[in-house]
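Single-letter residue listing:
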Amino acid sequence: MPTILGQNQYGKAENRVVKITRDGATHHIKDLNVSVALSGDMDDVHYSGSNAHVLPTDTTKNTVFAFAKEHGIESAEQFGIHLARHFVTSQEPIKTARIRIEEYAWERIATSDGNSRFIGADEVRHSFVRKGQELRTAQITYDGERWEVISGLKDLTVLNSTNSEFWGYAKDTYTTLKEAYDRILATDVSAKWRYNWTDDEQRMPNWEKSYRQARTHMLEAFAETYSLSLQQTLYQMGSRIINSRSEIDEIRFSLPNNHHFLVDLEPFGLKNDTADGAVYFAADRPYGLIEATVLRDGVEPRIPVDLTNL
């Protein structure tokens, strides 16, 4: 049977680059994992083995590190834009560049200072975020004319210890789950949001501010929603971001439901009521998996739905 070449791309994956910026005695750190994928006029290398149109993957690796020094790393998105533009405009056979970036967050260690101030908690006292666990993500794609920037995060673990219920659901012969009117709601947030900035004629978003604000709106919606289902909470998280950030048109979530089950302590003569502060068994699997896209009205979805294999 005759065969033809289908979609193809190549590049250097997972280039770990750490950039230190010195501002006097104050240092700043950016820690990225950068993957480069290039596609275009690459038929010959597949059919005949000719490398005439192939920019070595070692060169793409060197470019990542050189650009970190030459241009700095203002944000994951801006760094990816510099790289994508370079590969498409400097190599005629390359028609499209896709840059995927994971950013590892570092928090400055606070030292004791007589001028230190403590900021009190707000009225929400039942929501928690595990510090330093999530990864910031960015995917920048450029074809010489149009940009697509999809930012996001993953492994952001959040938990509400109350203000969550689950009842009134469909039941059949195999249903054993008891209805819950006060439960723990916990999940590991994976989210990707797409910007409506698509060409150089538009004003570019402030990537760092946009990421911080999207994350803040996401967490505030999680904390402030009295949840009757994880689906309801997901929609509120996405809606808060879309309604608050005009530069974002679409966001897709993948949220595992990290189940916490009340432990039966009656054999030991102990009541285990939520109102008294209960003890739970945290089950890591199997888990419910809730996924959905939230869109600005009138916008067509473009973020792939296959974030998981469910």
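Given the structure is predicted, the values throughout are model-derived calculations rather than measurements. (Residues numbered from 1 in each chain as written. Predicted model: local features only at pLDDT ≥ 70, side-chain atom pairs only at ≥ 80, totals over all residues. Heavy atoms only, no water.)

What to know about the overall build of the chain
Part 1 of the reasoning: The helix and strand tally for the chain stands at 5 helices and 11 strands.
Part 2 of the reasoning: With respect to the three principal axes, the spread of C-alpha positions in the chain is 75 × 70 × 40 Å.
Part 3 of the reasoning: Split into buried and exposed, the 310 residues of the chain put 38% on the buried side.
Part 4 of the reasoning: Taking the intrachain contacts of the chain between residues at least 6 apart in sequence as the baseline, contacts between residues at least 24 apart amount to 69%.
Part 5 of the reasoning: Accessible surface, the chain as shown: approximately 18800 Å² in total, 49% of it carbon and sulfur.
Part 6 of the reasoning: Computed over 35 positive and 45 negative side-chain charges, the inter-centroid distance for the chain is 4 Å. (Helix = DSSP H or I, 4+ residues; strand = E, 2+ residues; numbered from the N terminus. Buried < 20%, exposed > 50% of the residue type's maximum accessible area, 1.4 Å probe, protein only. Contact = heavy atoms within 4.5 Å. Areas by Shrake-Rupley, 256 points an atom, 1.4 Å probe, with all protein chains shown as cover. Lys, Arg positive; Asp, Glu negative; His and termini not counted. Charge placed at Lys NZ, Arg CZ, Asp CG, Glu CD.)

What to know about the pairing of strand β3 (residues 94–104)
Part 1 of the reasoning: Pairing between strand β2 (residues 26–40) and β3: 10 bridges, direction antiparallel. The residue of β3 that forms the bridge with Ser-35 is Arg-100. (Pairing = 2+ DSSP bridges.)

Re the confidence of the model for the chain
Part 1 of the reasoning: Looking at the chain as a whole, the pLDDT averages 92, with 91% of positions reaching at least 70.
Part 2 of the reasoning: Segment residues 114–123 is flagged for pLDDT under 50; beyond a separation of four residues in sequence, or across chains, it makes 1 contact in the model. (pLDDT = per-residue confidence, 0-100.)

What about helix α2 (residues 57–70)?
Part 1 of the reasoning: Between its terminal C-alpha atoms α2 stretches 20 Å, which fits the 20 Å expected from 14 residues at 1.5 Å a residue.
Part 2 of the reasoning: By the burial criterion, the buried members of α2 are Thr-60, Thr-63, Val-64, Phe-67 and Ala-68. Here the buried residues of α2 occupy an arc of 130° about the axis, which is enough to place them on one side. Exposed residues lying more than 90 degrees from the buried face of α2 are Lys-69 and Glu-70.
Part 3 of the reasoning: Considering only its buried residues, α2 is in contact with β1 (15–23), β2 and α3 (76–90). (Expected span 1.5 Å × (residues − 1). Arc of directions from axis to C-beta.)

Quick look at the pattern of salt bridges
Once their charged atoms are close, side chains differing in charge can pair, the charge on each being opposite to the other.
Part 1 of the reasoning: In the structure shown here, the tally under the stated rule is 21 salt bridges.
Part 2 of the reasoning: The residue Glu-220 makes a salt bridge to Arg-240 at a minimum N-O spacing of 3.7 Å. Separated by 20 residues along the polypeptide, Glu-220 in helix α4 (residues 207–224) and Arg-240 in helix α5 (residues 230–244) bring together distant segments of the chain.
Part 3 of the reasoning: Exposure remark for Glu-220: the relative accessible area of 33% places this residue in the partly exposed category.
Part 4 of the reasoning: A cluster of three or more residues bridged by salt bridges with shared partners is formed by Lys-30, Glu-77, Glu-103, Arg-136 and Glu-208. (Salt bridge = Lys/Arg side-chain N within 4 Å of Asp/Glu carboxyl O.)

As for the packing of aromatic side chains
Part 1 of the reasoning: Counted under the stated rule, the structure contains 7 aromatic pairs.
Part 2 of the reasoning: Geometrically, the ring pair formed by Trp-193 and Tyr-211 is tilted, given 5.9 Å between the ring centres and 35° between the ring planes. With Trp-193 in strand β7 (residues 185–195) and Tyr-211 in helix α4, this residue pair connects regions lying 18 residues apart in the sequence.
Part 3 of the reasoning: Assessed through its relative accessible area of 8%, Tyr-211 is described here as buried.
Part 4 of the reasoning: In this structure an aromatic cluster arises from ring pairing among Tyr-142, Trp-147, Tyr-195, Trp-197 and Trp-207.
Part 5 of the reasoning: Geometry around Tyr-211 places Arg-136 over its ring, the cationic atom sitting 4.2 Å from the centre.
Part 6 of the reasoning: Over the ring of Tyr-169 we find Lys-171, and its NZ or CZ is 4.5 Å from the ring centre. (Phe/Tyr/Trp six-rings, centres within 6.5 Å; stacked < 30°, edge-to-face > 60°. Lys NZ or Arg CZ within 6 Å of the ring centre and 35° of its normal.)

Describing the packing of α2 against α3
Part 1 of the reasoning: Packing of α2 against α3 brings their axes to within 11 Å, and their N-to-C directions diverge by 130°. One finds that α2 runs oblique with respect to α3. Handedness of the crossing formed by α2 with α3: right-handed. Along the contact surface, α2 presents Thr-60, Thr-63, Val-64, Phe-67 and Ala-68, while α3 presents Phe-79, His-82, Leu-83, His-86 and Phe-87.
Part 2 of the reasoning: Grouping the constituent residues of the contact of α2 with α3 by class yields 6 nonpolar, 4 polar and no charged. (Axes fitted to C-alpha atoms, helices over the stretch in contact; angles between N-to-C directions. Parallel < 35°, antiparallel > 145°, perpendicular 65-115°, else oblique. Left-handed = near helix turned anticlockwise from the far one by under 90°. Nonpolar A, V, L, I, M, F, W, Y, C, P; charged D, E, K, R; others polar.)

Concerning the nonpolar core
Part 1 of the reasoning: Grouped together as the largest cluster of nonpolar side chains are 54 residues, with contacts concentrated most on Val-34, Phe-79, Val-189, Trp-193, Met-218 and Phe-253.
Part 2 of the reasoning: Here this core gets 7 residues from one element, more than from any other, and that element is α3.
Part 3 of the reasoning: Look past the residues within four positions of Phe-253 in its chain and what remains in contact with it is Val-189, Ser-190, Ala-191, Met-218, Leu-234, Met-237, Gly-238, Ile-290, Glu-291 and Ala-292. (Core = buried A, V, L, I, M, F, W, Y, C linked by side-chain atoms within 4.5 Å.)

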